[in-house]
Amino acid sequence: MKRLIYLSAFFLVCSACSKKGTNDSPKDDNNNNDNNTACAASLADIESIMLFPADNPLNKDISALPVDPNSTAILSAYAGTGLKADFGSGLWEGAPIGIPFTVVCGSQPKIPVTFRGNDYDDNYGDESDPGPYPIPLNTPIEGNGEGDSHVIAVDKENGMLYELYNASVNGNHWEASSGAVFNLKSNQLRQEGWTSADAAGLPILTGLVRYEEVLKGTIDHAIRFTLSKPNIKPAYILPARHKVNSTGGANSLPMGGRIRLKAGFNISAYPARIQVILTAMKKYGLILADVGSNMYVSGAPDNRWNNDELQQLGKVKASDFEVVKTN
């Protein structure tokens, strides 16, 4: 969704790499002829990369934190809204369902990035990390270039994450409204007041539900979700770094706000893989990262998702959550 910034301040793999895959891991046969150094990478490699230190707020167990005294009031406007898995298998309107990402090797050539505005959103280059970025030009773009058009690449060897928002390819370079670079080995936050490829100034990749982690039975991080502007307070709390010109009042959630599935919510009737997701929502919760539809949960596309199973998340309502008191 277009963001109104605070004015005061994929299921493809290693594009550009020769790679090896497994029968149950998606593969990409795109090659970048500019890269003469052979490397191998797959989406499954993300599971062996440290996605921020264990003590990072995004990896924090919040199951024992106190409940915000205004929790019921904060959730009341959308209490009956069910979770929506904004990811899955197959295509929706011709594009993969979810936010794709690419894994690259340390030898991946870096591509220039030009920050610009267009008819979808403005230019936030003054809040962006300058290029070049090691994102191959054939990297999948969210929505095939419609909507937020996020582009994500993670360098598996150097532990660096590169993300673009409202991105497109122009000749031999990327163009985007904003971009952010994260050192996955560090807890360093973005500069105060800066956006990222996400409105909250947070990394996107580390909040996505990924099939590989569900397959192994554990999600060990907070999960990215969205709310509509009337339900977002024009403020942010750490680890978010940026607020939006939203219209939520005192009883609304700021960017970076956390909600968790109530400990007593019975998940036993749900399919095993959905139970993995719901368990993570109890332990690590959801983190508000962007403006969008209420209770939309973000994930990466993968042909192995069972869309019928994912739809069962809709039975879980916002009223089944509680707001975590964080400050």
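Report follows, based on the coordinates. (Residues numbered from 1 in each chain as written. Predicted model: local features only at pLDDT ≥ 70, side-chain atom pairs only at ≥ 80, totals over all residues. Heavy atoms only, no water.)

1. A look at the environment of A95
So, point 1. Topologically, A95 is positioned in strand β3 (residues 95-96).
So, point 2. Between the alpha carbons of A95 and P140 there is a distance of 9.9 Å; along the sequence they are 45 residues apart.
So, point 3. The residues contacting A95, other than those within four sequence positions of it, are G90, G143 and N144. (Helix = DSSP H or I, 4+ residues; strand = E, 2+ residues; numbered from the N terminus. Contact = heavy atoms within 4.5 Å.)

2. Things to note about the pattern of salt bridges
So, point 1. Inspection of every chain in the model, using the stated rule, returns 12 salt bridges.
So, point 2. A salt bridge links E47 to R210, with the shortest nitrogen-to-oxygen separation between them at 3.0 Å. Taken together, the residues E47 in the segment before α1 (71-75) and R210 in the loop between β10 (178-183) and α2 (211-216) connect sequence positions 163 residues apart.
So, point 3. A residue is classified by how much of its surface remains accessible, and E47, at 21% relative accessible area, is partly exposed.
So, point 4. Using a relative accessible area of 4% as the deciding quantity, one classes R210 as buried. (Salt bridge = Lys/Arg side-chain N within 4 Å of Asp/Glu carboxyl O. Buried < 20%, exposed > 50% of the residue type's maximum accessible area, 1.4 Å probe, protein only.)

3. Thoughts on the packing of aromatic side chains
So, point 1. By the definition in use, this model includes 6 aromatic pairs.
So, point 2. Relative to Y165, the ring of Y120 lies with its centre 6.5 Å away and its plane at 55 degrees, an arrangement referred to as tilted. Here the residue Y120 occupies a position in the loop between β5 (113-115) and β6 (151-155), and Y165 occupies one in strand β7 (residues 160-165), the gap between them amounting to 45 residues.
So, point 3. For Y165, a relative accessible area of 0% puts it in the buried group.
So, point 4. Aromatic pair Y133 and Y162: ring centres 5.5 Å apart, planes at 55 degrees, arrangement tilted. In this pair, Y133 sits in the loop between β5 and β6 while Y162 sits in strand β7, placing the two residues 29 residues apart along the sequence.
So, point 5. Classification of Y162 by relative accessible area gives buried; the value is 6%.
So, point 6. Feature note: the residues F87, Y211 and W305 constitute an aromatic cluster, connected by ring pairs. (Phe/Tyr/Trp six-rings, centres within 6.5 Å; stacked < 30°, edge-to-face > 60°.)

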